[in-house]
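Understanding the architecture of this molecule
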Amino acid sequence: MAATVTADVRTLDVPGARLTYEVRGTGPLLLLVGSPMGALYFTDAADALAEDFTVVTHDPRGIGRSTVDDPAQDSTPELRADDVAALLDALDAPAADVLGSSGGAVTALALAQHHPGRVGTLVAHEPPLLDLLPDAAVHHARTALVVQTFHEHGVDAAWGAFAGTVGWEDDAEGPPAMGDEEQLARDGARFFAHELTWTTTWVPDVARVRAGTGRVVVGVGEESGALETAATSAALATLLGVPVTAFPGEHTGFLERPRAFADRLRTVLSAP
C-alpha cells in the first residue's frame with residue numbers, strides 16, 4: 001500500500017456542471033479517468049503514482065462531488081471528454097498521458113477522437129464498447145434489460161442484473177462500493193438512467209483515435225477473462241493493431257491491487 005498523499009482538492013465550472021478534481025504528486029501530468037467511478041476509487045493507485053507523476057483524478061459530472069445543472073442530462077462520452085479537456089485547460093496543460101478505465105476508457109478514447117493532440121499515451125483499460133462484438137445486439141439487449149430493471153425495481157436490483165450481464169456471475173451486488181449509501185444510490189441512479197446506455201453504444205473512429213494521440217495501449221485485467229470487457233478490449237486492440245496489455249487484478253484492478261496496478265502502469269508509460 002502506498003503512503004497516503006495529500007491531494008489538492010479543486011473545483012472547475014464547465015458548461016452545465018461543476019467538477020471536483022484532485023491533484024497530487026509532482027512530475028509529468030497523468031490523468032486517471034473513471035466512469036462511473038469517481039476520484040475516490042483511484043486514491044490508492046494515485047498515491048502510488050504520485051511518487052513519479054502529477055496525478056489528476058476527478059468525479060465525472062453528476063457523480064460524487066461533481067454536480068450538474070440539469071439532473072436529466074445524459075452523460076455521453078463526448079460530453080465527459082469535453083470536461084477532461086477543460087481540466088487540462090485549467091491545469092495549463094496542452095496534453096497529458098491518460099489512463100481511462102471502464103466507461104472512463106471510453107471517455108479517454110472520445111478525448112483523443114474529439115480533442116486531437118491532448119493525449120500523449122492513452123491507456124484504455126477495459127472499455128465496454130459493445131458494438132465491437134460480433135453479437136453486439138445480444139449484449140445491447142441485455143444492457144437494456146439492466147436499465148429497465150433499474151426503472152422498475154431500483155438501484156440494488158439493477159446492480160445485481162448488471163453484475164450477471166457483464167460476467168460477475170459470483171457477485172450479485174455489482175462492483176466494489178466506495179462511499180456512503182446515499183451517495184452510492186445517487187451515483188447508481190445516474191449511471192443506469194443517464195450513462196450506461198450512452199457509454200456502451202459509443203463507437204470509436206479508430207483512424208481519428210490513432211491520429212489524436214501519441215500512442216494507444218489497450219489494457220485488460222489478468223483476472224478478467226470471463227468479463228464482457230475482456231472481449232470488447234480484445235476487439236478494440238485488434239482494430240488498433242496493438243497487443244492486449246495485461247494489468248493486475250480484474251476490472252477494478254486499480255482498486256483491488258493498487259500498488260501492482262500503479263507499477264504496471266508506470267512500466268507501460270515508460271515504454272518507447
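The rules we used
- Residues numbered from 1 in each chain as written.
- Predicted model: local features only at pLDDT ≥ 70, side-chain atom pairs only at ≥ 80, totals over all residues.
- Heavy atoms only, no water.
- Salt bridge = Lys/Arg side-chain N within 4 Å of Asp/Glu carboxyl O.
- Helix = DSSP H or I, 4+ residues; strand = E, 2+ residues; numbered from the N terminus.
- Buried < 20%, exposed > 50% of the residue type's maximum accessible area, 1.4 Å probe, protein only.
- Axes fitted to C-alpha atoms, helices over the stretch in contact; angles between N-to-C directions.
- Parallel < 35°, antiparallel > 145°, perpendicular 65-115°, else oblique.
- Left-handed = near helix turned anticlockwise from the far one by under 90°.
- Contact = heavy atoms within 4.5 Å.
- Nonpolar A, V, L, I, M, F, W, Y, C, P; charged D, E, K, R; others polar.
- 1 Å grid on protein atoms, 1.4 Å probe; cavity = no way out; pocket = protein on both sides within 12 Å on 5 of 7 lines; lining within 4 Å.
- Points joined across faces, edges and corners; volume = space filled by probe spheres on them.
- Core = buried A, V, L, I, M, F, W, Y, C linked by side-chain atoms within 4.5 Å.
- Expected span 1.5 Å × (residues − 1).

As for the pattern of salt bridges
Side chains bearing opposite charge may pair, as long as their charged atoms lie close to each other. In this structure the tally under the stated criterion is 13 salt bridges. R24 is the partner of E22 in a salt bridge, and the nearest nitrogen-oxygen pair spans 3.4 Å. Among the ionic pairs, R259 bridges to E51, the shortest N-O distance being 2.9 Å. With a gap of 208 residues between them, R259 in helix α11 (residues 258–270) and E51 in the loop between α1 (43–49) and β4 (54–59) connect regions that are remote in the sequence. A relative accessible area of 28% means that R259 is categorised as partly exposed. One connected set of salt bridges, linked through shared partners, spans E22, R24, D47, D59 and R65.

Side note on the packing of helix α4 (residues 136–153) against helix α6 (residues 181–194)
The N-to-C vectors of α4 and α6 enclose an angle of 130°; their axes lie 9 Å apart at closest approach. With respect to each other, α4 and α6 are oriented oblique. The two elements α4 and α6 cross, and the hand of that crossing is left-handed. Along the contact surface, α4 presents V146, V147, F150 and H151, while α6 presents A189, F192 and A193. Grouping the amino acids of the contact of α4 with α6 by side-chain chemistry returns six nonpolar, one polar and no charged.

Looking at the layout of surface pockets
Taken as a whole, the second largest pocket encloses approximately 200 Å³ of empty space. In this structure, the second largest pocket is lined by G62, G64, S66, T67, V68, P71, Q183, R186, D187, R190 and H194. When residues of the lining of the second largest pocket are traced back to their parent elements, those giving at least two are β5 (67–68) and α6.

Here's the deal with empty space enclosed by the protein
With the rule as written, the count across this model stands at one cavity of 30 Å³ or more. In this structure, the largest cavity encloses a volume near 40 Å³. Around the largest cavity sit V33, G34, H58, P60, R61, R80, D83 and T107, which together line it. A per-class count over the lining of the largest cavity returns two nonpolar, three polar and three charged.

Quick notes on unusual backbone geometry
Backbone torsion omega between S35 and P36 reads 5°, so that peptide bond is classified as cis. Position of P36 relative to the elements: it lies in the loop between β3 (29–33) and α1. Phi at S102 is positive, roughly 55°, even though this residue is not glycine. Of note, the phi angle at E126 is positive, near 55°, even though the residue is not glycine. Checked against the element boundaries, E126 lands in the loop between β7 (119–125) and α4.

A closer look at the nonpolar core
If you look at the biggest cluster of nonpolar residues, it comprises 41 residues, and the most contacted ones within it are L31, L109, L122 and L236. Element by element, the count of residues in this core is highest for helix α3 (residues 103–114), at seven residues. With sequence-adjacent residues up to four places away left out, L109 is seen in contact with L122, A124, P127, L129, W202, V209 and L236. Of all hydrophobic cores here, the second largest spans 23 residues; its members include A45, V55, L99 and L255.

Some thoughts on the side chain of T149
Within the secondary structure, T149 is located in helix α4. Classification of T149 by relative accessible area gives buried; the value is 17%. Each residue touching T149, except ones within four places of it in the same chain, is listed here: G154, A157, A158 and A161.

A short note on the environment of V209
Inspection of the secondary structure puts V209 in helix α8 (residues 206–212). Relative accessible area serves as the criterion here: at 1%, V209 is assigned to the buried category. Placed 100 residues apart in sequence, V209 and L109 show a C-alpha to C-alpha distance of 6.4 Å.

Digging into the environment of F162
Here F162 shows up in helix α5 (residues 155–166). On the accessibility criterion, F162 (12% relative accessible area) is buried. Between the C-alpha atom of F162 and that of F150, which follows or precedes it by twelve residues, the distance is 9.8 Å. When near neighbours in sequence (up to four residues on either side) are disregarded, F162 contacts V146, W168, F191, F192 and L196.

A look at α6
The terminal C-alpha atoms of α6, which comprises 14 residues, lie 20 Å apart, in line with the 20 Å expected from a rise of 1.5 Å per residue. If you check which residues of α6 are buried, you get Q183, D187, G188, R190, F191, F192 and H194. Those residues of α6 hidden inside the fold are in contact with β5, α4, α5 and α7 (196–200).

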